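Here is what each chain is made of, one letter per residue.
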Amino acid sequence: QVQLVESGGGLVQPGGSLRLSCAASGIFFNSYDMGWYRQAPGKQRELVASITSGGSTKYTDSVKGRFTISRDNAKNTVSVQMDSLKPEDTAVYYCNARTGLLVYWGQGTQVTVSS
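About the cut-offs
Residues numbered from 1 in each chain as written. Predicted model: local features only at pLDDT ≥ 70, side-chain atom pairs only at ≥ 80, totals over all residues. Heavy atoms only, no water. Salt bridge = Lys/Arg side-chain N within 4 Å of Asp/Glu carboxyl O. Buried < 20%, exposed > 50% of the residue type's maximum accessible area, 1.4 Å probe, protein only. Core = buried A, V, L, I, M, F, W, Y, C linked by side-chain atoms within 4.5 Å. Helix = DSSP H or I, 4+ residues; strand = E, 2+ residues; numbered from the N terminus. Contact = heavy atoms within 4.5 Å.

Q: How should the pattern of salt bridges be read in this particular structure?
A: Close approach of charged atoms lets side chains of opposite charge pair. In total, this model carries 4 salt bridges according to the counting rule given. As a salt-bridge pair, Asp61 and Lys64 come within 3.0 Å of each other at their nearest N and O atoms. As far as the burial class goes, Asp61 and Lys64 line up, both exposed. Through salt bridges with shared partners, a single ionic network connects Arg38, Glu46, Arg66 and Asp89.

Right, here's the structure in full:
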């Protein structure tokens, strides 16, 4: 059974930081490209950051320089360090695992940036 379990969401003030983590089980983690998506109310889900099985990273323009994605293949985890958070970063953040036609999603974790 495949599970992606996110943690680390919460309420933070503008300019603050959060670190989201996703623990994967039931997959051969090393073979999967991993990503973090987010969905704000009334908006489409968007890709925030991704890291390939080989370690290459990509970021959406709005988070470049503020977010850093990383993976630990020994622990089957992927994380995203989010700094200088803005109110517009408020969303539910989802972990994603992808290889070929196989795609898995976590249940999501809420991030709220507000004073």
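Q: Would you take a moment to explain the nonpolar core for this structure?
A: Within soluble globular proteins, side chains that are nonpolar tend to cluster in buried spots. Core analysis: the biggest nonpolar cluster contains 28 residues, and Met34, Trp36, Phe67, Val78, Met82 and Tyr93 have the highest contact counts within it. Mapped by element, the contributors of at least two residues to this core are strand 3 (18-25), strand 4 (33-39), strand 5 (46-51), strand 7 (67-72), strand 8 (77-82), strand 9 (91-99) and strand 11 (109-113). If near-sequence neighbours (up to four positions away) are discounted, Tyr93 is found in contact with Glu6, Leu20, Trp36, Tyr37, Arg38, Val48, Phe67, Met82, Gly108, Thr109 and Val111.

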